[in-house]
Amino acid sequence: MDHTEGGEEVLIERYNANERSIHWVTAISFVMLALSGLALFHPALFWLSALFGGGQWMRILHPFIGLVMFSAFSCLALRYWHHKLIDWDDIKWLLHIVDILNNRETGVPEVSRYNAGQKMLFWTLLPCMMLLLASGIVIWRRYFSAYFPIDVLRLAALAHALAAFVLITAILVHIYAGIWIRGTLGAMLHGTVTPGWAHKHHPRWFRSVAKERAAAKPSTD
Ligand code: HEM
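Residues numbered from 1 in each chain as written. Predicted model: local features only at pLDDT ≥ 70, side-chain atom pairs only at ≥ 80, totals over all residues. Heavy atoms only, no water.

Enquirer: Explanation requested: the coordination of the iron atom of the ligand in the structure shown.
Expert: Ideal geometry at a metal centre gives angles of 109.5 degrees when four donors are arranged tetrahedrally and 90 or 180 degrees when six donors are arranged octahedrally. The iron atom of the ligand binds to the protein through His 23 (NE2) and His 174 (NE2); the donor distances cover 2.0 Å. Around the iron atom of the ligand sit six donor atoms; with metal-centred angles ranging over 84 to 180 degrees, the donor geometry is octahedral. Of the two residues, His 23 sits in helix α1 (residues 17-41) while His 174 sits in helix α6 (residues 150-180), which places them 151 residues apart along the sequence. (Donors = N, O, S within 2.8 Å, 3.2 Å for Na, K, Ca; no water. Tetrahedral: all angles 85-135°; square planar, octahedral: opposite > 155°, others 65-115°. Helix = DSSP H or I, 4+ residues; strand = E, 2+ residues; numbered from the N terminus.)

Structure follows, in C-alpha cells:
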C-alpha cells in the first residue's frame, strides 16, 4: 500500500480539532480537580490551595470545574463509546498481554481503532465520572447538601474520594501509555499519526483507513 505523495509520507488523521480541544479541556480540568481535590482531602496538602487563590476560592471553584470536566468527558464518551465495545478478539488480545509487552506479536488478534487496554480504561473512567458527579452534587454545601441526611452526606464523601482515587490512578496509566508508546501523543497534539504507527499498533484500523483512501483517490484510468 502506498502512503506517500510526491515522496512525502502522508500522515493519517486520528483526531480532528474539535476532538482534541474537548480532550484537552477534560485533561486540564482533571489536573485542576486532582490538585484542588487533594488539597481539600488532607491538611498536609492544603498548601496546594495557593494555586487557586487560597482555600475560599478553591472551595468555590472545585465543584464548578467538576461540572466542566463532566460535560467535556460526556462529549468524549458520546463520541467514542461505540469504538470501545469489547469483543472476543479483545479478550484474546488480553490473554496475550505478556507476549505483546515483550514484542512477540505472532498469533495476537489484530487491533482495530483501540486496543483492549484502552477500552477497559474507558469503561473504568465512565462509572468514576458518574459517581463523582452524583456524590459531588450531594456534598456541594452551597446548593444541595442541606437536602440530604448526614448519613447520605458521609456515604457520598466516601464515594467521592474512592471514585477520585480510581480516576487519578486510571489517568496516570493513560498518560504513561500515551507517552510510552512513541507517536501516540502526537495524535492528541496535532491530530495525526504516521502510517507506520497505525500499522504497528492498530493494523485493522490502518487497513480500513487505507481502503477509504484508495476509494477516495481519483481514478487515473
Ligand atoms: C492529562 C494528561 C493527558 C494526556 C497526556 C492524554 C493523552 C492522550 C492521548 C495521547 C490520546 C490518544 C490515544 C490514541 O489515540 O491511541 C488520548 C485519548 C483519549 N483521552 Fe487522554 N490524555 C490526558 C488526560 C485525559 C483525561 C483526564 C481524560 C478523561 C478523564 C482523557 C480521556 C481520553 C479519551 C476518552 C481519549 C480517546 C480515546 C482513548 O481512549 O484513547 N484523557 N489521551
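Enquirer: I keep staring at unusual backbone geometry and nothing clicks. Help me out?
Expert: Most peptide bonds are trans, and most residues other than glycine sit at a negative phi. Phi at Asn 103 is positive, roughly 65 degrees, even though this residue is not glycine. Exposure remark for Asn 103: the relative accessible area of 58% places this residue in the exposed category. (Buried < 20%, exposed > 50% of the residue type's maximum accessible area, 1.4 Å probe, protein only.)

Enquirer: Teacher, can you tell me more about helix α5 (residues 116-138) here?
Expert: Residue pairs spaced three or four apart in an α-helix point in one direction, given the helix's 3.6 residues per turn. Between its first and last C-alpha atoms α5 spans 34 Å; for 23 residues at 1.5 Å apiece the expected length is 33 Å, and the two agree. Every buried residue of α5 is listed here: Ala 116, Lys 119, Leu 121, Phe 122, Leu 125, Cys 128, Met 129, Leu 132, Ser 135, Gly 136 and Val 138. Put simply, Asn 115 is the residue that caps the front of α5, since its side-chain oxygen is 3.0 Å from the backbone nitrogen of Gly 117. (Expected span 1.5 Å × (residues − 1). Polar contact = N/O pair within 3.5 Å; in protein donor to acceptor, adjacent residues only side chain to side chain.)

Enquirer: Where do I start with the nonpolar core in this structure?
Expert: Soluble globular proteins: nonpolar side chains tend toward being buried together. Ranked by internal contacts, the top residues of the largest apolar core, which has 17 residues, are Phe 30, Met 69, Phe 73, Leu 125, Met 129, Leu 167 and Ile 171. For this core, the elements supplying multiple residues, two or more each, are α1, α2 (55-80), α5 and α6. Ranked by size, the runner-up nonpolar core spans 13 residues in total, among them Tyr 114, Ala 187, Trp 197 and Phe 206. (Core = buried A, V, L, I, M, F, W, Y, C linked by side-chain atoms within 4.5 Å.)

Enquirer: Before we go on, may I ask you to explain the domain arrangement of the protein chain in this structure?
Expert: The figure often quoted for interface size is the accessible area lost as the parts come together. You can read the domains of the protein chain as domain 1 (17-83) and domain 2 (85-215). Each of domain 1 and domain 2 has a C-alpha centre, and the two are 17 Å apart. Contact residues are listed per partner, giving 19 residues for domain 1 and 25 residues for domain 2. At the boundary of domain 1 and domain 2, one finds zero salt bridges. At the boundary of domain 1 and domain 2, one finds two residue pairs in polar contact (both at pLDDT 80 or more). Secondary structure elements with two or more residues in the side of domain 1 that touches domain 2: α1 and α2. The element that contributes the greatest number of residues to the side of domain 1 that touches domain 2 is α2, accounting for ten residues. (Domains from an automatic or database assignment. Contact = heavy atoms within 4.5 Å. Salt bridge = Lys/Arg side-chain N within 4 Å of Asp/Glu carboxyl O.)

Enquirer: Quick question: what am I supposed to make of the pattern of salt bridges here?
Expert: Pairs may arise between side chains of opposite charge once their charged atoms sit close together. Across all of its chains, the model carries eight salt bridges by this definition. Through salt bridges with shared partners, a single ionic network connects Asp 89, Lys 92 and Arg 204.

Enquirer: Explanation requested: the layout of surface pockets in the structure shown.
Expert: If you roll a probe as big as a water molecule over the atoms, it shows you where there is empty space left. Taken as a whole, the second largest pocket holds about 1,200 Å³ of empty space. Mapped by element, the contributors of at least two residues to the lining of the second largest pocket are α1, α2, α5 and α6. Residue contributions to the lining of the second largest pocket peak at twelve residues, all from α6. Class assignment of the residues belonging to the lining of the second largest pocket gives a composition of 28 nonpolar, seven polar and four charged. Per-domain counts for the lining of the second largest pocket show at least three residues from each of domain 1 (17-83) and domain 2 (85-215). (1 Å grid on protein atoms, 1.4 Å probe; cavity = no way out; pocket = protein on both sides within 12 Å on 5 of 7 lines; lining within 4 Å. Points joined across faces, edges and corners; volume = space filled by probe spheres on them. Nonpolar A, V, L, I, M, F, W, Y, C, P; charged D, E, K, R; others polar.)

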